Amino acid sequence: MAPETGRRRGWFRFFVATLFAAAAVAGQISSGTNNTTAAVAVNVGVIVDMDRADFAGQVWLSCVEMAVSEFYGSHPNYTTRVVITARDSRRDDVVQAAASALDLIKNVQVQAILGPDTSMQANFLIPLGEKAHVPIVSFSATSPTLASIGSPYFFRAVQNDSTQVHAVAAIFKAFGWRQAVPIYVDDAFGQGIIPSLVDSLQAVDARVPYRSAISPSATDDQIGEELYKLMTMQTRVFIVHVSPDLGPRLFVKAKEVGMMSAGYVWIITDGLTVFLPSFHPSVLRSMQGVLGVKPHVPQTQAVLNFTTRWRRKFQRDHPEILDANLNSYGLRAYDATWALAMAVEKAGAATYFSFESDKTKKYMVGVSRNGQNLASALLGTSFRGLFGGFALEADGQLRASAYEVVNVNGNADRVVGYWTPPPAGELTTRSSSKVASQLGTVIWPGDPGAVPKGFEIPMSGKKLRIGVPVKPGFREFVSVSTDPETNETTVTGYCMDVFEAVVKTLPYALPFEYVPFAKPNGESNGSYNDLVNQVFLGNLDAVVGDITIIANRSNYVDFTLPYTESGVSMVVPVRPDGSKNAWSISKDFRGPPSHQAGTSLWFSFSTMAFAQRQNLVSNLTRTVVIIWCFVVLIIIQSYTASFTSLLTVQRLRPTVTDMSELLRKGEFVGYQEGTFVVGLLNSMGFSGDKLVSYNSIEGFDSLFRQGRIVAAFDEVPYIKLILAKRCSEYMMIDPTYKADGFGFVFPKGSPLVPDISRAILNVTEGDSMTKIEETWIGKNNKCPESSTSPPIGNQLGLNSFWSLFLIAGVAAVSALCIFSVMFVYEHRDDLHSNPSFWRRVLNLFKTFDEKDLKFHTFRDDRVGNEINLADLNVMTSPSTFSVETTEFPAGSSQKPITPPLDSPSELNESTEPRVGEINNMDSHPNSSVGGVIATADGEIITSRVF
């Protein structure tokens, strides 16, 4: 009986309120007749839910009534008067809302309808209003799907939900969260926001791995079952978009199952946020730390005054309701009514408001004669309302406005930031960063001070399923073995050690288990692409192994940073350099026989020449010779070092040095089975019939020994392993073709990728990576070094010493120029002694050919020193002095004569040597002595004394 009595009282209150509204309008019309000739009454319907627990229907209806009263109080001379007729939609009943609209249009002949409450009801009313040309003006239906209907008779005086999702995305960007699970009511209101929400999150590099839809009629047990499912997932950020009836039950249950603890993030949309003041304190205690967005209401004096007037009027009209709250939807209802009254006045100037009957009886309603004019007037209406500027776009949607970011703390919500839409409706970094810069201190669920990272490995859930490849060869990277007795699978290798080292550096625990990608018989279950695809399909949580990062795979999964060297190179066999033998020295005597003979003679006689002690007269000559001796010294030493290296150092040469040579000759090449290298070779121009695969180092070696391939292409990590075992047999040849190395595979948008990538950097920069490489790759490396490029010829040539020859040439030319200038200057008088030019040149060359007795080398400064042949004969060192004599044939009339030497004074008086005279060539005791011995006729017998 109690519920039935309450319902009767509700209807009685609704009836009384309607009578008061009609009386007020009638009084306004009667009072207006004193100033105007006649005021046209225009019927407008209002459809709201009068049975809501939060009394929102009564609140909104009171705001509509106040708007009508205050509008015409401010405009008493208007020729039209809006008359409100209210209908109850009865607990969001779509059929009842449609029946109420049909009754208003058919029986009351309303020219417009304000409402209904929900988007699902509006979805039914919009076609009806379009058929009757009756504008539907909604102040609470926010679903973006309503705009897609494209009806010219639907107008939304409230923000579209597609606007607030940008504010939600800005919060994600501010805190760096990468995943979110939307929890929404499974109706038009909840479903309509999902496409816009997913798009906005993707714009800030966040993804939606799962969508949780809850039925509007779900029980508490059903809600708890869905929440338990969410607890087993990694994502800890939830966006709640449900009705005010479902929201409180959801959060009470979340508190009960432990999902309001530390590490969780809850964000609610304005569908719940604007009703927070109406929630019971027990519900608010379950929502501590929740973030929410709601339209920003400017706290102007007009809003404050209206709130005071509304509270006074509502308490007078509904004294039995004590906990009603005015929210933003009530303010929107006030502005929508004000805009409709202005549009009615504009449209009323053209024609009277009436209906034309439906002659076809197709829709059972008439068509408003002034409906099109009223719709056009609404689009052109703009004014300053309680929410600020009111103006509709061409599609009938309200222009975007600012949002508040609030945080539930205690028994109320606290504003911690704002989001302002960018110009032209564009989401920019500036608007997004504005949230981050203005957010205040946020109280988080369970741990007020720590910002949740947005994901967590659920300890109560399953471990991460890490797929690993199964392959017969290159087991140093990944090795999968099964114990035949215990049937236990063991996974080891270079990649496993790197991954486990990375996991140890994470700031949180990451339980996992290896899942070999194998058939029941232990063989591989597919290629590497097939294994990566298992992550995309959701069968595996990640893949660890020698998986190369390539562009095609990154379209379906996310890779971490690479942990190995990158690139693909060519490997070819090597052969010893055959030049090292007993005749290696003959390499310096190459050429035709004449050239080899000349080289041999030159080496022989140059050695004799360099062994002599030449008498260098000029300092310029000495300078040139010093430089040249330096050049010769370097050349001799370089030749000695090069020849020593040729005889002692082991030299290996590749059999092939250029990939184009392989293509030109149509040679067979090898590649590792199951890798992406085969696609790379095809793109290079190798045909499929020229490609031979291998799956182990032994198979690689066998192909070369059997002569089936002349070169192989593989990734650098595999080549390093091959060279570590066979460095004396194979060589890696440049160039290296670009590849991104090995990486770990995770699903698209996985929050683990950034943390794993940072951990990889820490591992690769430390000593642990070196130890892992030594364990699996370097421990078998017995070769001193491995070549990564073909050897370059190291024989010495002229180009090796061009700088030395340049210095020697410059010195010689400079000395010649200096001497020539000095000589010409000293004998400049001889140039003028003969008028003929050629005579002058000839005299100059004769003078040049004569001995310069004034040069200090030919002067004897030892006065009184007599030298004779007897003195020369007693010299003990033939290397210091030697005498050359000329023997005459028997019977010759010319005989050598050796007259006694004159006195020193006589020697100094004449510059010309006399017969039998020996001139001292140098006054220094160790210098050579030169002179002449002549016959009586003056003929020279001996010419030099050394």
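Everything numeric here is computed off the predicted structure, so don't read it as measured data.

For the protein chain, the helix and strand inventory stands at 29 helices and 31 strands. A burial count over the protein chain gives 43% of its 946 residues as buried. Taking the intrachain contacts of the protein chain between residues at least 6 apart in sequence as the baseline, contacts between residues at least 24 apart amount to 71%.

Our focus in this paragraph is the sheet that holds strand β7 (residues 212-214). With mixed pairing, seven strands are arranged side by side in an open sheet as β7-β6-β8-β9-β10-β15-β16. The open sheet is flanked by β7 and β16 (412-419), the only strands paired with a single partner. Looking at each pair of strands side by side, their axes are set apart by 25° on average, direction ignored. Across four bridges, strand β6 (residues 181-185) lies against strand β8 (residues 237-241) in parallel orientation.

All right, on to the sheet that holds strand β3 (residues 112-114) then. What holds strands together in a sheet is hydrogen bonding between their backbones, with the strands either parallel or antiparallel. The five strands lie next to each other as β2-β1-β3-β4-β5, forming an open sheet whose pairing is parallel. Only two strands of the sheet have a single partner each, and these edge strands are β2 (80-88) and β5 (154-156). Between one strand axis and the next, the sheet turns through 25° on average, direction left out of account. Where β3 meets strand β4 (residues 136-138), two bridges bridge the pair, whose relative direction is parallel. Bridging across to β4, Ile113 finds its partner in Ile136.

A few words on helix α26 (residues 802-826). When the terminal C-alpha atoms of α26 are compared, their 36 Å separation across 25 residues agrees well with the 36 Å that a helix rising 1.5 Å per residue should span. Residues Leu804, Ala808, Ala811, Ala815 and Phe823 constitute the buried set of α26.

A few words on a nonpolar patch on the surface. On the surface, a cluster of nonpolar side chains totalling about 320 Å² of accessible area is made up of Phe536, Leu537 and Tyr556. Take Phe536: it is sitting in helix α16 (residues 528-536).

This structure, assessed with the given rule, holds 20 salt bridges. Arg309 is the partner of Glu70 in a salt bridge, and the nearest nitrogen-oxygen pair spans 2.8 Å. Here the residue Glu70 occupies a position in helix α2 (residues 56-74), and Arg309 occupies one in helix α11 (residues 301-317), the gap between them amounting to 239 residues. One salt-bridge network, held together by shared partners, links Asp701, Arg705, Arg726 and Glu729.

Met259 and Trp266 are the most contacted members of the largest nonpolar core, which has 92 residues in total. The biggest single contributor to this core is helix α12 (residues 328-348), with 13 residues. In contact with Trp266, not counting residues within four places along its chain, are Ile183, Leu227, Phe238, Val240, Phe251, Ala254, Met259, Met260, Val290, Leu291 and Pro445. Counting 66 residues, the second largest nonpolar core, distinct from the first, contains Phe455, Leu464, Val491 and Phe499.

A few words on the environment of Val344. Looking at the secondary structure, you find Val344 in helix α12. With a relative accessible area of 1%, Val344 lands in the buried category. Spatially, the C-alpha atoms of Val344 and Asn373 are 9.0 Å apart, while their sequence positions differ by 29 residues. Sequence-distant contacts of Val344, defined by excluding residues within four places in its chain, comprise Val42, Thr80, Val82, Phe353 and Leu374.

Note that the residue after Gly115, namely Pro116, is joined by a cis bond; omega there is -5°. By secondary structure assignment, the location of Pro116 is in the loop between β3 and α4 (119-132). For His133, which is not glycine, the phi torsion reads 55° and is therefore positive. Within the secondary structure layout, His133 lies in the loop between α4 and β4. A relative accessible area of 27% places His133 in the partly exposed class.

Time to look at helix α21 (residues 677-684). Along α21, the residues that are buried comprise Val677, Leu681 and Met684. Angular distribution of buried residues about the axis of α21 spans 55°; they occupy a single face of the element. Of the residues one or two after α21, Gly685 is the one with positive phi, at around 120°.

For the pair α2 and α12, the least separation of the axes is 8 Å and the interaxial angle reads 40°. When the interaxial angle is binned, α2 and α12 end up oblique. The chirality of how α2 crosses α12 is right-handed. From α2, Trp60, Cys63, Val64, Met66, Ala67, Val68, Glu70, Phe71, Tyr72 and Ser74 reach across to α12, where they touch Tyr329, Gly330, Ala333, Tyr334, Thr337, Trp338, Ala341 and Met342. Looking at the contact of α2 with α12 residue by residue, the classes come out as 14 nonpolar, three polar and one charged.

Right, let's get into the confidence of the model for the protein chain. In this model, the protein chain carries an average pLDDT of 78, and 73% of its residues clear a pLDDT of 70 or more. The element-level mean pLDDT for the protein chain is lowest in helix α29 (residues 904-909), coming to 40, with β8 highest at 97. This model gives residues 424-434 a pLDDT under 50, and the stretch forms 13 contacts once residues within four places in sequence are excluded. pLDDT under 50 marks residues 580-585. Its contacts with residues more than four places away, or in other chains, come to 10 contacts.

This part covers the packing of helix α22 (residues 697-705) against helix α23 (residues 716-726). Packing of α22 against α23 leaves a shortest axis separation of 11 Å and a crossing angle of 70°. By the angle between their axes, α22 is roughly perpendicular relative to α23. Here the hand of the crossing between α22 and α23 comes out right-handed. Packed against α22, whose contacting residues are Ile697, Phe700 and Asp701, the element α23 presents Leu721, Ile722, Lys725 and Arg726 at the interface. Its residues assigned to classes, the contact of α22 with α23 comprises four nonpolar, no polar and three charged.

Bringing the side chain of Arg236 into the picture now. Topologically, Arg236 is positioned in the loop between α7 (220-231) and β8. At 4.3 Å, Glu456 is the nearest oppositely charged side chain to Arg236, a buried residue that forms no salt bridge. Separated by 3.2 Å, the side chain of Arg236 and the backbone oxygen of Met231 make a polar contact.

What counts as what
- Residues numbered from 1 in each chain as written.
- Predicted model: local features only at pLDDT ≥ 70, side-chain atom pairs only at ≥ 80, totals over all residues.
- Heavy atoms only, no water.
- Helix = DSSP H or I, 4+ residues; strand = E, 2+ residues; numbered from the N terminus.
- Buried < 20%, exposed > 50% of the residue type's maximum accessible area, 1.4 Å probe, protein only.
- Contact = heavy atoms within 4.5 Å.
- Pairing = 2+ DSSP bridges.
- Axes fitted to C-alpha atoms, helices over the stretch in contact; angles between N-to-C directions.
- Expected span 1.5 Å × (residues − 1).
- Patch = residues over 30% accessible without salt bridge, like charges linked within 9 Å, V, L, I, M, F, W, Y side chains within 5 Å.
- Areas by Shrake-Rupley, 256 points an atom, 1.4 Å probe, with all protein chains shown as cover.
- Salt bridge = Lys/Arg side-chain N within 4 Å of Asp/Glu carboxyl O.
- Core = buried A, V, L, I, M, F, W, Y, C linked by side-chain atoms within 4.5 Å.
- Arc of directions from axis to C-beta.
- Parallel < 35°, antiparallel > 145°, perpendicular 65-115°, else oblique.
- Left-handed = near helix turned anticlockwise from the far one by under 90°.
- Nonpolar A, V, L, I, M, F, W, Y, C, P; charged D, E, K, R; others polar.
- pLDDT = per-residue confidence, 0-100.
- Lys, Arg positive; Asp, Glu negative; His and termini not counted.
- Polar contact = N/O pair within 3.5 Å; in protein donor to acceptor, adjacent residues only side chain to side chain.

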